[in-house]
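# Analysis of the macromolecular model
So you can see what is in the structure, the chains are spelled out below.
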Amino acid sequence: MNTRKDMTPTSERWKRGFTLVELLVSFGIIAILAAILIPTVGSVRTSANLSDSQSRIRQILTATHLFSLDHSGHMPKVATDQEYPDGDFFFLMESNGVADLESSALLPYLEDTDIFFAKGDDGLKEDGSPGRNFSYSFNFLINKGILPEGGSGPTDFDKALGTVQYQTVLEPSKKIMVFEEEAPNDAFCVWFMDSDRLTDRYAGKGPVGFVDGHVEVLEPDVVFGNAEYGEFVQQSDQY
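Nothing here was measured: the structure is a model prediction, and the numbers come from that model. (Residues numbered from 1 in each chain as written. Predicted model: local features only at pLDDT ≥ 70, side-chain atom pairs only at ≥ 80, totals over all residues. Heavy atoms only, no water.)

Before going further, it helps to spend a moment on the sheet that holds strand β5 (residues 188–189). Taken together, five strands build an open sheet; the order of strands is β5-β3-β4-β6-β7 and the sheet is mixed. Either end of the sheet is taken by a strand with one partner, and the two such strands are β5 and β7 (215–218). Here strand β6 (residues 206–210) pairs with β7 via four bridges, running antiparallel. Paired with V208 across the bridge in β7 is E216. (Pairing = 2+ DSSP bridges. Helix = DSSP H or I, 4+ residues; strand = E, 2+ residues; numbered from the N terminus.)

What follows covers the nonpolar core. Counting 46 residues, the largest nonpolar core has F91 and F138 as its most contacted members. Counting residues per element, the ones that place at least two in this core are α2 (20–69), β3 (136–139), β4 (176–180), β5, β6 and β7. At six residues, the largest contribution of residues to this core is made by α2. Residues in contact with F138, not counting those within four places in the same chain, are I60, V78, F90, F91, F116, M177, V178, A187, F188 and C189. (Core = buried A, V, L, I, M, F, W, Y, C linked by side-chain atoms within 4.5 Å. Buried < 20%, exposed > 50% of the residue type's maximum accessible area, 1.4 Å probe, protein only. Contact = heavy atoms within 4.5 Å.)

Counted residue by residue, β4 has five buried out of five residues, so it is predominantly covered. Relative to β4, β3 runs antiparallel, the two being bridged by three bridges. Counted as the bridge partner of Y136 is E180 from β4. The sheet contact formed by β4 and β6 spans three bridges and is antiparallel. Directly across from V178, in β6, lies its bridge partner G209.

Residues E102, E111, D112 and D114 make up a contiguous surface patch of negative charge. Within the secondary structure layout, E102 lies in the loop between β2 (98–100) and β3. Note on E102: relative accessible area 58%, which makes it exposed. (Patch = residues over 30% accessible without salt bridge, like charges linked within 9 Å, V, L, I, M, F, W, Y side chains within 5 Å. Areas by Shrake-Rupley, 256 points an atom, 1.4 Å probe, with all protein chains shown as cover. Salt bridge = Lys/Arg side-chain N within 4 Å of Asp/Glu carboxyl O. Lys, Arg positive; Asp, Glu negative; His and termini not counted. Charge placed at Lys NZ, Arg CZ, Asp CG, Glu CD.)

Right, let's get into the pattern of salt bridges. Following the criterion strictly, the structure yields six salt bridges and no others. Two residues, D121 and R201, come together in a salt bridge whose shortest N-O distance is 3.6 Å. Of this pair, D121 sits in the loop between β2 and β3 while R201 is found in the loop between β5 and β6, placing the two residues 80 residues apart along the sequence. Its relative accessible area of 21% is what places R201 among the partly exposed residues.

Turning next to the packing of aromatic side chains. The full count for this structure, using the stated rule, is six aromatic pairs. Centre to centre, the rings of F90 and F138 are 3.8 Å apart; their planes meet at 15 degrees, and the pair counts as stacked. Taken as a pair, F90 in the loop between α2 and β1 (92–95) and F138 in strand β3 lie far apart in primary sequence, 48 residues in all. When sorted by exposure, F90 lands in the same class as F138, which is buried. One aromatic cluster in this structure is built from F90, F91, F116, F134 and F138. Over the aromatic face of F89 sits the side chain of K77, whose NZ or CZ is 6.0 Å from the ring centroid. (Phe/Tyr/Trp six-rings, centres within 6.5 Å; stacked < 30°, edge-to-face > 60°. Lys NZ or Arg CZ within 6 Å of the ring centre and 35° of its normal.)

Our focus in this paragraph is the side chain of N49. Here N49 is to be found in helix α2. The class for N49 is buried, based on a relative accessible area of 18%.

Put into structure tokens, the structure is as follows:
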């Protein structure tokens, strides 16, 4: 009997439900926890995506080096279209932001073409439409400027027939080979075009792979317009 009497108030309170004050306190606690946890979860996701992108760049750098060992020290060509389909290219472009990744000269040295697309990338093209299938762009000076017949200047770098050899690169630890671009629309990067900027999706920074195989995380403004990062060989050797 005593036990039944002791349970009666609890039973009645359960039927009555929570008071407004109790609900407000509960919601307040939940809001505080959410304010603490949500930024943390976002930060963890950003960090994980950055680590993933750095790993992909390292694999691309390793594949490029392995390719060079099989091709007298030469790197693959940087191509923007299929006007010159013969040869070994990083990959050929089909349209703005879409590449034929199966054509990549690096594919025999990689697990699959998924390596070219970063997990943190939204996959949007420059105009904001979906469908871009790669995240990384390559230093256009890999094509050192042996131009095809009729070529006359830097605008033909993307169609160059020759490529730099590893041993000719000046200060390889300071020369960028590949980076995750904000919204790549072609296979190559130009250091003085605003459309070819390093991504800042990782807390204002982006991953950059250097010729010697190491990867750094840099701010876009540090890279953009800095010719020292881009020039593989002396300008006099470009033509």
